[in-house]
Amino acid sequence: MINSPLIIRLPIISLATSAEFALALINFSFVSNKSGARLPTSFILSQPFETRDQNKENIFTRVDSHNNFINSQLKSEITATNYDGDNQFVEDEKDEECDISLRAHASSGIHPTDELPTLLRTLSSASNDFGLSFHHDDIQVSENPCRPNSIPGALGRVLSIEVEGLPEGFQVDNDEFLMQVLGYFKECVSGVPLTQPVLVAIQSCGDNLDLENVIEKEVTDYGLRDELVEMSSAKAPEIDGLFIPALSIKLDGAMIEDVDCPGNRLFDTSSIIVFDNLLDESLRKRLLNIVKGYPESSEIEEWNDTKNGPDPSRWTRGGLVDVIDEGFEMKAPSCWGLSDEAVNDICFGRHPAILEFESTLTKLFPGFIVSRLPEAVFGECVSPLTANAPTYGDSFSYHIDADPLQVPASPWSDVFGVYPNRSRGKPRFVSCLLYLNDEWDGDKWGAPTEFLDPPTDKTYRVLPRPRRCVIMDQDVSHKVVAPNVEAGMRPRYSLVWKLVLHPRKAGQDMTDLTCGRGDVWPESVIIGSAKNDNI
């Protein structure tokens, strides 16, 4: 019987994160340095990540004070478990005492002299605090990373640990004591100087400790690569040439580290692509109804937002905080944002219109696996879908949506590491913005999305237009510009997806979004530092 591996996180200390919590970034602002990295300056703390597997819901149990915890008469007493026919947990009437110990079984991609010894000593010391032996003399070490063909872009730094002395058929995933040990492990390794995160798995002795299986299970458990569904009934805009953008923009040029060749640097630019015919009028109307909280087919306006602004039963003043300072005080007046219930509705309501547009996105990017941004990247505070309704008088600041170079310690970083966006063979973070108003006079009412080139302070504005779609890299600096006074109280509605484009093969070029249509795409408008004049 092969038991599922139990996973813990080893945070990378070079990131600006807490060892005890995950950083959830909500439209964080940036500072730019000479290397071109976009560094977050605003963030909030969230609770630790939870797996979708309910058997692992307490995996991140934190030992608030390990001294108090150690003095609480811990017993190395493990409850023997089994499952009934429906795989339901059943506790035996009598506990079975076990003399257990831990043994480092195998590692991959971890430097055998610079990192692994320190990591193993840290885990050994943590085990001693629980009265557990930790053996690592016969660990199988591979300096080469383990990268499954099924998960292109995986970092491949894995450490597997056996739990010896368990009863036959014991399920590691369900034992509270071992989960407390793992929580303490997580605290103790926070100071280990790792160049990249390490994925640690613990299994019963004798299980098949296949490192590829550990990575694949982590991806499945946390939904790190859940592909958007392509609907066979959805329209094929390719026939009508709807996948040809009206505008392509490049900006924010910088030299970045080459993930394939450390020490080598490459010139990189961020991209913005504007489509005006990607969705038809019927789909636009259905999506607007979803944002407003109406049935998709509704033709009745239940709230006069032109006169009264966003419907307060659906929208909340202060629900959208564009930038938060270090003291978590709002730097700008509070703006309209969807209520928590409304966010859950658009994210998880399985609306046909949303699924139809997501199917269109899979057709737009056939060269990639398209997925929503998983919760396991930043936590539940960053939803994969949201909506905006700026009105006259609102104020916004520049921010970026996300950057894989800035992700906190999390299931995502354990599997894929930290790296510059658009790196070869690594998942690319993009956002998709849809303007949904029935009508919008951009010249009169304003409310463009403004993009910034940080090295030169040059800006580029994209005006709202019904049915207009903007695809942009998530590390692009941008802000909403509030509507002009001529717009009155009417909100400028938009629906936003945070997406990940996964490579379909190892080493795939992630900079080309044309997917074979480059000969019919317009020439890019080059802004500021993207001209590469001084490189």
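Residues numbered from 1 in each chain as written. Predicted model: local features only at pLDDT ≥ 70, side-chain atom pairs only at ≥ 80, totals over all residues. Heavy atoms only, no water.

Colleague: Any chance you could break down the overall build of the protein for me, citing the residues and the numbers?
Modeller: Across its full length, the protein holds 11 helices and 27 strands. Among the 535 residues that make up the protein, the fraction classed as buried is 56%. In the protein, the share of contacts with a sequence separation of at least 24, taken over all contacts with a separation of at least 6, comes to 80%. (Helix = DSSP H or I, 4+ residues; strand = E, 2+ residues; numbered from the N terminus. Buried < 20%, exposed > 50% of the residue type's maximum accessible area, 1.4 Å probe, protein only. Contact = heavy atoms within 4.5 Å.)

Colleague: Requested: an account of the nonpolar core, with residues and values cited.
Modeller: Leu287, Phe357, Cys432, Leu434 and Trp497 are the most contacted members of the largest nonpolar core, which totals 43 residues. Ignoring any residue separated from it by four or fewer positions in sequence, one finds Cys432 in contact with Phe357, Leu361, Cys469, Val470, Ile471, Leu495, Val496, Trp497 and Leu499. Counting residues in hydrophobic clusters, the runner-up holds 31 residues, among them Ala104, Leu120, Leu123 and Val172. (Core = buried A, V, L, I, M, F, W, Y, C linked by side-chain atoms within 4.5 Å.)

Colleague: Before we move on, can you summarise the side chain of Asp453 with the specific residues and values?
Modeller: Inspection of the secondary structure assignment puts Asp453 in strand S22 (residues 449–453). The buried charged residue Asp453 lacks any salt bridge, with Lys458 as its nearest oppositely charged partner at 7.2 Å. Within polar-contact distance, the side chain of Asp453 engages the side chain of Ser529 at 2.7 Å. For Asp453, the contacting residues outside a window of four places in its chain are Leu251, Asp252, Gly253, Lys458, Ile527, Gly528, Ser529 and Ala530. (Lys, Arg positive; Asp, Glu negative; His and termini not counted. Salt bridge = Lys/Arg side-chain N within 4 Å of Asp/Glu carboxyl O. Polar contact = N/O pair within 3.5 Å; in protein donor to acceptor, adjacent residues only side chain to side chain.)

Colleague: An account of the pairing of strand S25 (residues 477–480) is requested, with residue identities and associated values reported.
Modeller: The alternating pattern of S25 places Ser477 and Lys479 on one face and His478 and Val480 on the opposite face, and all of these are buried. Alignment of S22 against S25, held across four bridges, turns out to be antiparallel. Its bridge partner lying in S25, Thr449 is registered against Val480. (Pairing = 2+ DSSP bridges.)

Colleague: Mind laying out the pairing of strand S21 (residues 428–435), listing which residues take part and the relevant values?
Modeller: Across the eight residues that make up S21, a large majority, eight, are buried. Every second residue of S21 is oriented toward a common face, with Arg428, Val430, Cys432 and Leu434 on one face and Phe429, Ser431, Leu433 and Tyr435 on the other, all of them buried. Relative to strand S26 (residues 494–503), S21 is paired through eight bridges, and the arrangement is antiparallel. The residue of S26 that forms the bridge with Leu434 is Leu495. Note that S21 and strand S24 (residues 469–473) share five bridges and pair antiparallel. Following the sheet pairing, Leu433 is matched in S24 by Val470.

Colleague: Can you tell me about the sheet that holds S22, naming the residues and giving the values?
Modeller: The sheet built from three strands is open, its strands ordered S23-S22-S25 with antiparallel pairing. If you trace the sheet from one side to the other, it starts and ends with strand S23 (458–462) and S25, each paired once. Strand-to-strand twist across the sheet, computed as the mean angle between neighbouring axes with direction ignored, equals 25 degrees. Of the pairings in the sheet, the one linking S22 to S23 comprises five bridges and is antiparallel in character. Considered in S23, the bridge of Glu450 is made with Arg461. (Axes fitted to C-alpha atoms, helices over the stretch in contact; angles between N-to-C directions.)

Colleague: Outline the environment of Gly367, listing residues and values.
Modeller: Summarising the element assignment, Gly367 is placed in the loop between helix H8 (352–364) and strand S19 (368–372). In this structure, the C-alpha to C-alpha distance between Gly367 and Cys515, residues 148 residues apart in sequence, is 5.7 Å. Here Gly367 is in contact with Arg504, Gln508 and Cys515, once residues within four sequence places are set aside.

Colleague: Tell me about helix H7 (residues 340–348), residues and numbers included.
Modeller: All of the buried residues along H7 are Ala342, Val343, Ile346 and Cys347. For H7, the buried positions fall inside an angular range of 130 degrees around the axis, keeping them on one side. More than 90 degrees from the buried face of H7, the exposed residues found are Asp340, Glu341 and Phe348. Where the residues of H7 are buried, they touch helix H5 (281–292), strand S18 (335–338), H8, S19, strand S20 (385–388) and S26. (Arc of directions from axis to C-beta.)

Colleague: Let's hear about the side chain of Arg157: which residues, and what values?
Modeller: Mapped onto the elements of the fold, Arg157 is located in the loop between strand S12 (140–142) and strand S13 (158–164). Of the residues examined, Arg157 reaches a relative accessible area of 6% and is grouped as buried. A polar contact is formed between the side chain of Arg157 and the side chain of Glu115, at a distance of 3.0 Å. If we ignore the near neighbours within four places in the chain, the residues touching Arg157 are Ser108, Gly109, Ile110, Glu115, Leu194, Thr195, Gln196, Pro197, Val198 and Leu199.

Colleague: A description of the pattern of salt bridges should follow, citing residues and the corresponding values.
Modeller: Summed over all chains, the structure comprises 24 salt bridges. Here Glu356 and Arg286 are joined by a salt bridge, their closest N and O atoms 3.0 Å apart. Placement of the pair is Glu356 in helix H8 and Arg286 in helix H5, with a sequence separation of 70 residues. Judged on exposure class, the residue Glu356 and its partner Arg286 are both buried. Each of Glu281, Arg284, Lys285, Lys292, Glu301, Asp305 and Asp438 takes part in one network of salt bridges that share partners.

Colleague: Tell me about the environment of His399, and please be specific about residues and values.
Modeller: Take His399: it is sitting in the loop between S20 and helix H10 (411–416). Residues His399 and His478 lie 79 residues apart in sequence; the distance between their C-alpha atoms is 5.6 Å. Of note is the side chain of His399, whose polar atom sits 3.2 Å from the backbone oxygen of Ser397.

Colleague: Explain the packing of H5 against H8 to me, and be specific about the residues and the numbers.
Modeller: At a minimum axis distance of 9 Å, the contact between H5 and H8 shows a crossing angle of 130 degrees. In terms of axis orientation, H5 runs oblique to H8. For the pair H5 and H8, the sense of crossing is left-handed. Between H5 and H8, the contacting residues are Leu283, Arg286, Leu287 and Ile290 on the first element and Pro352, Ala353, Ile354, Glu356 and Phe357 on the second. (Parallel < 35°, antiparallel > 145°, perpendicular 65-115°, else oblique. Left-handed = near helix turned anticlockwise from the far one by under 90°.)

Colleague: Go over the packing of aromatic side chains with me, naming the residues and quoting the values.
Modeller: Tallying each qualifying case throughout the model produces nine aromatic pairs. A ring pair is formed by Phe365 and Phe368, whose centres lie 6.4 Å apart and whose planes are at 70 degrees; its orientation type is edge-to-face. Of the two residues, Phe365 and Phe368, both sit in the buried class. A ring pair is formed by Trp412 and Phe416, whose centres lie 4.4 Å apart and whose planes are at 40 degrees; its orientation type is tilted. Of this pair, Trp412 and Phe416 both sit in helix H10, four residues apart, which is roughly one turn of that helix. (Phe/Tyr/Trp six-rings, centres within 6.5 Å; stacked < 30°, edge-to-face > 60°.)

These figures capture arrangement, not role.
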